[in-house]
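Structural description and commentary
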Amino acid sequence: MTPASDPATATSLPIGSDADLAWVRHQVRQFAAELGFGLVQQTKIVTAASELARNTLVHGGGGQARITPLRNGPASGLQLVFIDTGPGIRDVELAMTDGYTTGGGLGLGLSGARRLVDELAIETEPGQGTVVTLVAWVSRASAVRPGSG
Amino acid sequence: MQVPEQAGADSAAHGLADFLERRREQLAQRWADGPLFRTVFTVSRDEAVEACKAVVDALSEVASTGRLESVGAPGFGEVREQLGRMAASRAGRGFTPAQIADEAAGLRTAAVELLRDETEDRPDDEARDVLLALTVLMGTLRLVIMETTVSAGEELIARQQLQLLEVATPVISLWEGVIAVPLIGTLDSARSQVVMESLLQAIVEQRARYAILDITGVPTVDSLVAQHLMKTVAAARLMGAECVVSGIRPAIAQTIVHLGIDLSSVLTRSSLADALAYALSRQGIEVSQRAAGANPR
Amino acid sequence: MTAPLPVPGTPAVPVLALGNILLVTLQGDLHDGMAEQLQQDITERIAHSAADGLVIDVSGVDIVDSFLGRVIAEIAASARLMAARTVLCGMRPAVAITLVELGLTLPGLETVLDAARALELFAQAPSGAGPDRSEGGT
């Protein structure tokens, strides 16, 4: 269960139930802690993962989460990908708006999760499912910019 | 590299790999006496020799793959961390990257001398090609060292910035249950994260009911700074502490109004003293002047 | 591969009655279904008892996402409808920072540092007097 720092090793987890959401949170926490994220950043990442995993379950009808440790020079990071084959998102911009909801929540899922990590990207097509990718880098005061190597 | 030369270059690279393997011991001994290794492994010369051998091994691995000019060649992976530690140690003693580059160049001189000694009696084309290959490879090693030097420097700067942030954000206990953070300088995102974290930690540790954010020393308040302040206030409230923002100078107050920033969710006071008076009175504590002439007891 | 179960810390949430006050201690990772169940349990308990105060202690909670945040806000809102006052306590700094960044500030919900402070608050203003803040003085 020790996450290797090799970027090629991804861990895939199924998302099909409440218990799976809890397991995803648990695993993301483990990876984040081992990569050296501080407690606040860990909490942010796990919370973002929880929001997105729930989206995958509730809106996407289930799917999977993929956890990949990242390394860029001295910087360590974590990439999380949430994949479903559900109905997709018709209007991504609208879905990213604070307060927009279709699932009866507070509508903070996507927009809120984006504020908790460094990058968040959505690929979706109506009827084709949704892939949400988020990336967080271990912060060192001045955020280490990825892609400078 | 041109095609007709390819075969020659390949054999030169292999000749070089042979040379490095054959002369591993001598090369390591010479390098260990050079300033780059000697000054890092001050305690044990054996250790310096071992480190040099690791670098020689890496070079011969790179040479045997023929990728003499590739900084990213897998062979360098092994020694990169070690070179990084050396570069960091040199940089820590105040050496500039240029000086470290000179020391790295010294490694080439030693290697070239050794190769010359060996081929003195047969100065043919092959020997010349191997020498050329060695020069190229040593140039690449120098680049790898420079690369690790620069990234070690970046890391140092990042660490110092973090320390500066922490130093610049003390949390002061003003009264039982009342803490304050005097903010001085620009309040950017990184800074406000540190402020938020240290403030919340202090609320827990000191069981504070009131937290004062004093912005007397903050030069300007724009909508971003206001947003940071509001977030901090909201987070403190979630932990059960009431936040007061104090030190709002007239010019700042005007800016806030002009920019149309809504600070209505935040309790404000013009001075730190006013904020403390507020916190005390909310806790039922009254501070009054002794009647004239009255004795302390 | 590792099995998806069990995740540590997921027993049913206990609801403790202390006089007129119900004390709920959330702990570990709460499954969505359990949070919804809790919401139901608490409102029933308030309806069928003389409870006029509710303390929700989240000191044992690692993360509060928008789902759990909504559940807590709804519990407080239903409690208020049944004339019970809700106080949230024990939130960890990392959780508070994350909630604010998420955009979830739980306005209108009373918050205090820990369970002791929460009980203190009820002792000062007994029997559903509401958040009347007067002299505190400890």
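For the structure, see preceding data.
Remember, it's a predicted structure, so these values are computed and weren't measured experimentally. (Residues numbered from 1 in each chain as written. Chains lettered and ligands numbered in written order. Predicted model: local features only at pLDDT ≥ 70, side-chain atom pairs only at ≥ 80, totals over all residues. Heavy atoms only, no water.)

**Description of the overall build of chain B**
Quick note on the threshold: The way it works is that DSSP assigns letters per residue, a run of H or I at least four long becomes a helix, a run of E at least two long becomes a strand, and they are numbered from the N terminus. Only heavy atoms matter for contacts: two residues are in contact if any of them lie within 4.5 Å across the pair. To be clear on the numbers: accessible area is Shrake-Rupley with a 1.4 Å probe, and residue cover counts the displayed protein chains and nothing else.
Within chain B, the secondary structure is distributed over 11 helices and five strands. Restricting the contact set of chain B to residue pairs at least 6 apart, pairs at least 24 apart contribute 73%. As displayed, chain B has an accessible area near 15,600 Å², and 53% of this comes from carbon and sulfur atoms.

**Topic: the sheet that holds strand S5 (residues 267-268) of chain B**
All names here are of chain B. Stated precisely, the cut-off is as follows: Being paired, for any two strands, means DSSP has found at least two bridges between them. Axes here refer to lines fitted to C-alpha atoms; in helices the fit is confined to the stretch in contact. Angles between the N-to-C directions go from 0 to 180 degrees.
On the basis of which strands lie adjacent, the open sheet formed by five strands has the order S1-S2-S3-S4-S5 and mixed pairing. Each of the sheet's edge strands pairs with one partner strand only, and the pair in question is strand S1 (172-175) and S5. The pairing of strand S4 (residues 242-246) with S5 spans two bridges and is parallel. Pairing of Val245 across the sheet is with Thr268, part of S5. Its contacts with the sheet put helix H11 (residues 272-282) on S1, strand S2 (178-184), strand S3 (210-217), S4 and S5, and the angle it makes with S3 is roughly 170°.

**Describing a nonpolar patch on the surface**
Residue and element names in this part refer to chain C. The cut-off we apply is this: Each patch is built from residues that are more than 30% exposed by relative accessible area and take part in no salt bridge. Like charges join if they lie within 9 Å; nonpolar side chains (Val, Leu, Ile, Met, Phe, Trp, Tyr) join within 5 Å. The term salt bridge refers to a pairing of a side-chain nitrogen on Lys or Arg with a carboxyl oxygen on Asp or Glu at a separation within 4 Å. Exposed residues in this analysis have more than 50% of their type's maximum accessible area, buried residues have under 20%, and partly exposed residues fall in between, with area computed by a 1.4 Å probe over protein chains only.
On the surface, Leu16, Leu18 and Leu119 cluster together into a nonpolar patch covering about 230 Å² of accessible area. Tracing the chain through its elements places Leu119 in helix H4 (residues 115-124). Under the relative-accessibility criterion, Leu119 is labelled partly exposed at 31%.

**A few points about H4 of chain C**
Residue and element names in this part refer to chain C. Inclusion rule: Starting at the helix axis, one direction is taken to each C-beta atom, and the arc is that of these directions.
Taken together, the buried positions of H4 are occupied by Arg117, Ala118, Leu121 and Phe122. Along H4, the residues classed as buried sweep out an arc of 140° about the axis, all on the same side. Check the buried side of H4 and you find it contacts strand S2 (21-27), strand S3 (53-60), strand S4 (85-89) and strand S5 (110-112).

**Points about the packing of aromatic side chains**
All names here are of chain B. This is how the line gets drawn: Note on aromatic pairs: the rings of Phe, Tyr and Trp (six-membered ring only in Trp) are paired at centre separations within 6.5 Å, and the planes decide the class, stacked below 30 degrees, edge-to-face beyond 60, tilted for the rest.
Using the criterion set out here, one finds one aromatic pair over all chains in the structure. A ring pair is formed by Tyr210 and Tyr278, whose centres lie 6.3 Å apart and whose planes are at 85°; its orientation type is edge-to-face. Residue Tyr210 is found in strand S3, and its partner Tyr278 is found in helix H11; the two are separated by 68 residues along the sequence. Tyr278 gets classed as buried once you look at its relative accessible area, which sits at 11%.

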